[in-house]
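Chains, contacts and geometry: an overview
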Amino acid sequence: QVQLVESGGDLVQPGGSLRLSCAGSGIIFSFYDMDWYRQAPGNQREWVATMTSGGSTNYLDSVKGRFTISRDTAKNTMFLEMNSLKPEDTAVYYCHTAIPPSWTNHWGQGTQVTVSS
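Residues numbered from 1 in each chain as written. Predicted model: local features only at pLDDT ≥ 70, side-chain atom pairs only at ≥ 80, totals over all residues. Heavy atoms only, no water.

This next bit is on the state of the cysteines. Enumeration over the complete set of coordinates arrives at 1 disulfide. Paired by a disulfide, cysteine 22 and cysteine 95 hold their sulfur atoms 2.0 Å apart. Disulfide cysteine 22-cysteine 95: the torsion about the S-S bond is -75°, which places it as left-handed. In this pair, cysteine 22 is assigned in strand β3 (residues 18-25) and cysteine 95 in strand β9 (residues 91-99), connecting sequence segments 73 residues apart. Considered together, cysteine 22 and cysteine 95 belong to a single accessibility category, that of buried residues. (Disulfide = S-S within 2.5 Å. Helix = DSSP H or I, 4+ residues; strand = E, 2+ residues; numbered from the N terminus. Buried < 20%, exposed > 50% of the residue type's maximum accessible area, 1.4 Å probe, protein only.)

Quick look at the nonpolar core now. As a rule of thumb, nonpolar side chains are buried together in soluble globular proteins. Trp36, Leu80, Met82 and Tyr93 are the most contacted members of the largest nonpolar core, which totals 27 residues. Looking at this core, the elements with two or more residues in it are β3, β4 (34-39), β5 (46-51), β7 (67-72), β8 (77-82), β9 and β11 (111-115). For this core, the element with the highest residue contribution is β9, accounting for 4 residues. Once you skip the residues sitting within four places of it in the chain, tyrosine 93 turns out to touch Glu6, Leu20, Trp36, Tyr37, Arg38, Val48, Phe67, Leu80, Met82, Gly110, Thr111 and Val113. (Core = buried A, V, L, I, M, F, W, Y, C linked by side-chain atoms within 4.5 Å. Contact = heavy atoms within 4.5 Å.)

In structure tokens:
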């Protein structure tokens, strides 16, 4: 059974930094594309970043140059390093993957990031 557990969310001032973690069980992260999504109050969940199984990365335009997705294969953990945080980055951040062949979606429970002075 796939389980994803996020951590690292917090209240931070504008311009600050946070590192989110996503620990996995029942899945080997390096075998699959892994994503970060976020959902702000009243908004739809939006894609933030992807690391492919091959290690390539892609980012939402508004976070390019500020956020970095990475993984620790030995620890089967994925990270989202977030710098120069803005109030509009405030959201619940979710770890996600979809497993073939059924492409079943797997989500973590989310971790709250609040950027406010």
